Structure formats: structure tokens, C-alpha cells
Amino acid sequence: MSERIIRDAEPDPYEDVSTVLRNEFSEVHPATTVTRCIEAAHYGALEVTGHAHPGLVERIARKHLEVLALVASERG
């Protein structure tokens, strides 16, 4: 239980990324979709490079969100 409390107290390294992407895609995607893309980008970066620097996570998540927006626009 104490481990969870410590983890909850740690700052979110992607807080700024989340804010930027939520603002950028607010007209297209709900906040939950942005969060899922950031989480997917985080794990993808870790698997491929072994690191998940916020800048890399932001670029990957942005690409995910762009693709989802493209698919949504094609569906009408």
C-alpha cells in the first residue's frame, strides 16, 4: 500500500504532453482518447528504444491521434 502512495505522489512526466495534445485535438478527440494514445506511445517507446522521453512519447501519440482523426473523417 505504501508503494502506491509513493507512486501517486510522483509527478506525471507526461502532464505537459497531455495538456498540449488535449488542446490540439480537443475538436476531434475526447480527453480519454488522448490519454490512451499517450499510454500506448509510452509503452511503445519503452519496447522499441528502452526509454520513454516525453518528447518521443508526444511525437508518437500525436501520430496516433492524427491517424485516428483521418480515419474518423473518412468514415464521415
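The following paragraphs examine the structure supplied in this document.

Cut-offs applied
Position labels on residues start from 1 in each chain and follow its written sequence. At least 70 in pLDDT is required for a residue's local features to be given in this predicted model, at least 80 for side-chain atom pairs to be given and counted, and no such filter applies to totals for whole chains, interfaces and linings, which use all residues. Only heavy atoms go into the side-chain values, all of them from the structure, while hydrogens and water stay out. For helices, the fitted line uses only the C-alpha atoms of the stretch in contact; every axis is such a line through C-alpha atoms, and the angle between N-to-C directions lies from 0 to 180 degrees. Only DSSP runs of H or I with at least four residues qualify as helices, and only runs of E with at least two residues qualify as strands; both kinds are numbered from the N terminus onward. Relative orientations are named as follows: roughly parallel for angles under 35 degrees, roughly antiparallel for angles over 145 degrees, roughly perpendicular for angles from 65 to 115 degrees, and oblique for any other angle. Whether a crossing is left-handed or right-handed is set by the direction in which the near helix is turned from the far one by less than a right angle, anticlockwise for left-handed and clockwise for right-handed. In this description, contact between two residues means that some pair of their heavy atoms is separated by no more than 4.5 Å. Only Asp, Glu, Lys and Arg are considered charged in this grouping, and only Ala, Val, Leu, Ile, Met, Phe, Trp, Tyr, Cys and Pro are considered nonpolar; every other residue, Gly among them, is considered polar. Here, the term nonpolar core denotes a set of buried Ala, Val, Leu, Ile, Met, Phe, Trp, Tyr and Cys residues that are joined through side-chain atoms within 4.5 Å. Burial here depends on accessible area, computed with a 1.4 Å probe over protein chains only, as a share of the maximum for the residue type. Under 20% is buried, over 50% is exposed, and the range in between is partly exposed. Picture the helix axis, draw a direction to every C-beta atom, and the arc is the one those directions span.

### With respect to the packing of helix α3 (residues 31-49) against helix α4 (residues 54-75)
Relative to each other, α3 and α4 sit at 125°, their axes nearing to 8 Å. By the angle between their directions, the pair α3 and α4 is classed as oblique. The way α3 lies across α4 gives a crossing that is right-handed. Residue-level inspection shows Thr33, Val34, Cys37, Ile38, Ala40, Ala41, His42, Ala45 and Thr49 of α3 in contact with α4, the latter providing Leu56, Val57, Ile60, Ala61, His64, Leu65 and Leu68. For the contact of α3 with α4, the per-class residue count stands at 12 nonpolar, four polar and no charged.

### Some thoughts on the nonpolar core
In terms of nonpolar packing, the biggest core is built from 13 residues, with Tyr14, Leu21, Ile38, Val57, Ala61 and Leu65 touching the most fellow members. Within the residue set of this core, elements represented by two or more residues are α2 (15-24), α3 and α4. Broken down by element, this core gets its largest block of residues, five residues, from α3. Excluding its chain neighbours within four sequence positions, the residues that come into contact with Tyr14 are Ile38, His42, Ala52, His53, Pro54 and Val57.

### Some remarks on α2
Inspection of α2 places Val17, Ser18 and Leu21 among the buried residues, and these make up the whole buried set. The arc that holds the buried residues of α2, viewed along the axis, is 95°, so those residues lie on one side. Exposed residues on α2 whose side chains face more than 90 degrees from its buried face are Asp16 and Asn23. In this structure, the buried side of α2 is in contact with α3 and α4.

### Comments concerning the packing of α2 against α4
One way to put it is that α2 packs onto α4 with a least axis distance of 10 Å and a crossing angle of 25°. Relative to α4, the element α2 lies roughly parallel. In this structure, α2 meets α4 at a crossing whose hand is right-handed. Across from Val17, Val20, Leu21 and Glu24 in α2, the residues of α4 making contact are Pro54, Glu58, Ala61, Arg62 and Leu65. Each residue belonging to the contact of α2 with α4 can be placed in one class, and the counts come to six nonpolar, no polar and three charged.

Scope: geometric values only; no functional claims are made or implied.
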